[in-house]
Structures are given as structure tokens and as C-alpha cells.
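Each chain, letter by letter, is given below.
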Amino acid sequence: MHLKGKKIILAVTGSIAAYKTPELVRQLIKSGAEVQVLLTEAATHFVSELSLATVSKKPVLRNINDGATWNNHVAMGRWADAFIIAPCSANTLAKMANGMCDNIVLAVYLSAVCPVFVAPAMDEDMWKHPTTQSNLERIKKFGNSVLPVGHGELASGLVGDGRMAEPTDIVTFLAKHFESEKQKPLQGTKALVTAGPTYEKLDPVRFIGNYSTGKMGIAIAESLAANGAIVSLILGPTHLRPSNSNIQVVSVESADEMYDACLSRFEDSSISILSAAVADYRPEQKATDKIKKKENTFQLLLTKNKDILATLGKQKKKHQLVVGFALETSHEEAHAWEKLKAKNADMIVLNSLNDNGAGFGHDTNKVTLLFANGSKKNLPLLTKQQVADTIVNQIIEALHVEINH
Ligand code: CTP
């Protein structure tokens, strides 16, 4: 089992099982990994910082900032190939389930874009408590992997469930994870997805928006991530969120903000899928005070937003794939082909509002895929996740063809 070259963050929290972590670090390093250890305050009662620093050959981090030095938890979350919390106490688990962030472990957890593994350790009664079990279910839903607890002698002197997985089993678990990751077709590929509507502010309380919910784009991000991609999801205002921890959500409001978020990430992205319903225009003036009603009519001057898809299409290099969406109500295909050409896209996903079950808010969609080489594919009415999977499979095929040429 090898972890050669893998960057692993090990977060140690307050449980007696913390005494096993120097051995865990030793085994991780022996398998070829580079290990950064994080320690909560409670963990320091069970294991020494010096032991962990010595075996990991790196300073251990205990705080978000050390004096005037800020430990960049965001950079750390992006550096790691895997983040493991072992042992994970009931307290840390509860905080993870609720998005709390009062120490470095939680700050890195919330910033992590890599897979997260949790090896819980606690006494059996705590383990079996309904809150613990519900917290576990919650963090699993967020996309984290929970390692099974062992059965045996516990700190209380009782015998039961709740022991932290043994260091050897943790190392095997991680190695198996990386082994299976290797087989994913988009493993490590960076992807950019836009989704949802944009809101264009008129004044402090009003905006021009649209009915997009972001469902289709979120499904695409999920499908890319399930195939191993590292996804930046630039998401307009919507209450929906993805669940896969390989998806980094960047929340934006206006088309301008979405443009900036996309442009700063485009160079690194091999795949860009622009499914957002970007407002074509924004009010020329943004009133600083609420606009008062006066006359019977009210004229609004709008100015064109920058076209993200067209900009990326223009900038794209040979190894980059850019996919756009078209929502049409008449002469659908002709308009979509024009869009593909004008915006230099590799693929256009054509949505027709004339199809029942397609469009904003529905769980289903009926689309036609148009490709730059002139071919097209009509898909039947499918769930949005099935449409997303089909789009992503087409991309995998296209990338494969490119690699083999
Ligand atoms: N798009 C974009 N930036 C914009 C506008 C649109 O990236 N400012 C993208 C959308 O995300 C989508 C595609 O372009 O992938 C849609 O093309 P667009 O020309 O906006 O379609 P419509 O708004 O329907 O245009 P028209 O009104 O001209 O049909």
C-alpha cells in the first residue's frame, strides 16, 4: 500500500486515542506521504506536540494565527490530497455537523477541497447517543467518509464500540481511496462550472433577476466531482448547494462578479461549463438610496453585461474545453448553432422551453447536445442528474480522443 507523494493533513482532536497518532504519522510517512499535523487544544492533553512535530518532521499547527502570523487555512485546505481527523471527538464531530469554526481544525475542514476522512473515537455511550449518530449521518451527507470504529476496551474501562480505527487500518483505508481515485477518468482535472441566476442591483432593495435555481449546474458539478474532477462552482443567488466535498462553491451575485470569479480561475481549468442564467443587461445606474415612486411610468436604462462564455471561448487554449447552454423558444437549433460559433464553444447544450418538464426549477430536462464538429445528439426527457452525467460523459470522451491524438 503506497501513499507516495500524497499530501495529508492529520487533525488530532481531544480523545485518549490521540496517544496513537505519532504511530499513525510514522506509518503515513513510511508509506510515502507528507504529513501536516493540526492539533486542537483538547488534544494537547493526550499527546505531545513535540512527538508529533518530530515524527512528521514539520511544525505542528495549533492555532489559526500564531501571534502576528496567520496560518492560511484556505491554502492548507487546497494543498492537501486528503484531510483526516483522527481521533475525531464527539465535540469536533458536532461542530463539523453544524459548520462551527472556533479552531484551526474546523477552519481547515471548512476550507478543504480534498476528500475528508473521519476516524471517530469516544466511549460507547457517547458513540451510541442519538446526537452523535445524527451528526455522523449529517457529515456523511456532506460527502465526508467515516471510518468504522473498533470494538474493545475503552477509556472508561468498559468494553464496547467507539475505539478509533487502528493506525494500520487508517493507512490502508487511505491507500485504497487513492487507488480507486486513480481509476476515475477526470482524476485531478480542474473544472469550472457556473450555475444559478445573477441579480443585477437597481437600488439597495431591488434587483433584476430570473427564475434559474442552479439545479442543472449543480448536477453538472456533482457529476464532474464524482468522476474525480476538482470543481470550482461559481454560483449565483440560490439556496441550493452541492454535496461533494471536491466542489468549492464561490457565491456571487451579479454578472460582473461571476465574470471576475470565472476569469481568475479559467487558466487553470481544463473544463468550463457555463450553465448560469446570466443577466444579459444590468441597470446603468445603481441608486444608493431606495428609488421612490413618482410618475406613472418609469424608464430604466440598461447596459450590456460582459459575456463570460464568449470571453472564455476567445481565450481558450487547445487543451481547454468550453461548454455553453442555450435556452431558446423559437428556431431553437439554428440559434444554438449560431451561439456555438459566435462564442467559440466546443459544445452547446440546447434547452427548449417548448418541451414539457424542461426548464427552470424542474427536476427533469430535455436537451440536445450540439458539437463544434457539426454533430448533434438528441437526448430524451431525463432527470437533471442524468442530463449532467451524459454531458460529463461526452466531455470525458472528447478529452480521451484529444489525449490519444
Ligand atoms: N452567458 C455568459 N455570460 C453572459 C451571458 C450568457 O456566460 N453575460 C452564457 C450562459 O451561461 C450560457 C450561454 O452564455 O451558457 C447563453 O447564451 P446567451 O447568449 O446569453 O443566451 P441568451 O441569453 O438566451 O441570449 P439571447 O437572448 O441572445 O438568445
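Residues numbered from 1 in each chain as written. Predicted model: local features only at pLDDT ≥ 70, side-chain atom pairs only at ≥ 80, totals over all residues. Heavy atoms only, no water.

Caption draft 1: Quick look at the sheet that holds strand β5 (residues 82-88). Here 5 strands make up an open sheet; going across it, the order is β2-β1-β5-β6-β7 and the pairing parallel. Each having just a single partner strand, β2 (34-39) and β7 (145-146) make up the two edges of the open sheet. Bridging between strand β1 (residues 7-12) and β5 involves 4 bridges; their strand directions are parallel. Its bridge partner lying in β5, Ala11 is registered against Ile85. Helix α4 (residues 90-97) rests against β5 and β6 (116-120) of the sheet, and its axis sits at about 135 degrees to β5. (Pairing = 2+ DSSP bridges. Helix = DSSP H or I, 4+ residues; strand = E, 2+ residues; numbered from the N terminus. Contact = heavy atoms within 4.5 Å. Axes fitted to C-alpha atoms, helices over the stretch in contact; angles between N-to-C directions.)

Caption draft 2: Expanded view of the site of the ligand. Near the ligand lie 13 residues; those nearest to it are Leu274, Ala276, Leu309, Phe325 and Lys339. Separating an oxygen atom of the ligand from a backbone N or O atom of Leu309 is a distance of 2.8 Å. Between the ligand and Lys339, the relevant distance is 2.8 Å, taken from an oxygen atom to a side-chain nitrogen or oxygen of the residue. In a pocket analysis with a 2 Å cut-off to the grid points, the ligand is assigned to the largest pocket. Elements supplying a minimum of two residues to the shell around the ligand: α11 (308-315) and β18 (321-328). With 3 residues, β18 is the single largest residue contributor to the shell around the ligand. Residue classes in the shell around the ligand are distributed as 7 nonpolar, 1 polar and 5 charged. (Near = heavy atom within 4 Å. Polar contact = N/O pair within 3.5 Å; in protein donor to acceptor, adjacent residues only side chain to side chain. 1 Å grid on protein atoms, 1.4 Å probe; cavity = no way out; pocket = protein on both sides within 12 Å on 5 of 7 lines; lining within 4 Å. Sits in = over half its atoms within 2 Å of the grid points. Nonpolar A, V, L, I, M, F, W, Y, C, P; charged D, E, K, R; others polar.)

Caption draft 3: Geometry of the sheet that holds strand β14 (residues 247-251). Read from one edge to the other, the open sheet built from 8 strands follows the order β14-β13-β10-β15-β18-β19-β21-β22, with strand pairing classed as mixed. At either margin of the open sheet sits one strand with a lone partner, and together these are β14 and β22 (376-378). Ignoring strand direction, the axes of neighbouring strands in this sheet form an average angle of 15 degrees. Packing against the sheet, helix α10 (residues 255-266) makes contact with β10 (190-195), β13 (230-235), β14, β15 (271-274) and β18, and its axis sits at approximately 170 degrees to β10.

Caption draft 4: Here's a closer look at helix α5 (residues 104-111). Of all 8 residues making up α5, 7 are buried, and the element is well covered by its neighbours. Taken as a whole, α5 has its buried residues at Ile104, Val105, Leu106, Ala107, Val108, Tyr109 and Ser111. Against the buried residues of α5 lie β1, β2, α3 (73-79), β5, α4 and β6. Its side-chain oxygen at 3.1 Å from the backbone nitrogen of Val105, Asn103 defines the N-terminal cap of α5. (Buried < 20%, exposed > 50% of the residue type's maximum accessible area, 1.4 Å probe, protein only.)

Caption draft 5: Representation of the side chain of Asn305. Note on placement: Asn305 falls in the loop between β17 (302-304) and α11. In this structure Asn305 comes out as buried when scored by relative accessible area, which is 9%. Only 2.7 Å separates the side chain of Asn305 from the backbone oxygen of Ala279, close enough to count as a polar contact. Beyond its immediate chain neighbours, meaning those up to four positions away, Asn305 contacts Glu200, Ala255, Ala279, Asp280, Tyr281 and Arg282.

Caption draft 6: Just the pairing of β13, in detail. A large share of β13 lies buried, amounting to 5 of its 6 residues. Across 6 bridges, the pairing between β10 and β13 is parallel. Residue pairing across strands places Ala195 opposite Leu235, the latter belonging to β13. Of the strand pairs in this sheet, β13 and β14 are connected by 5 bridges, and their pairing is parallel. Bridge pairing in β14 places Leu233 opposite Val249.

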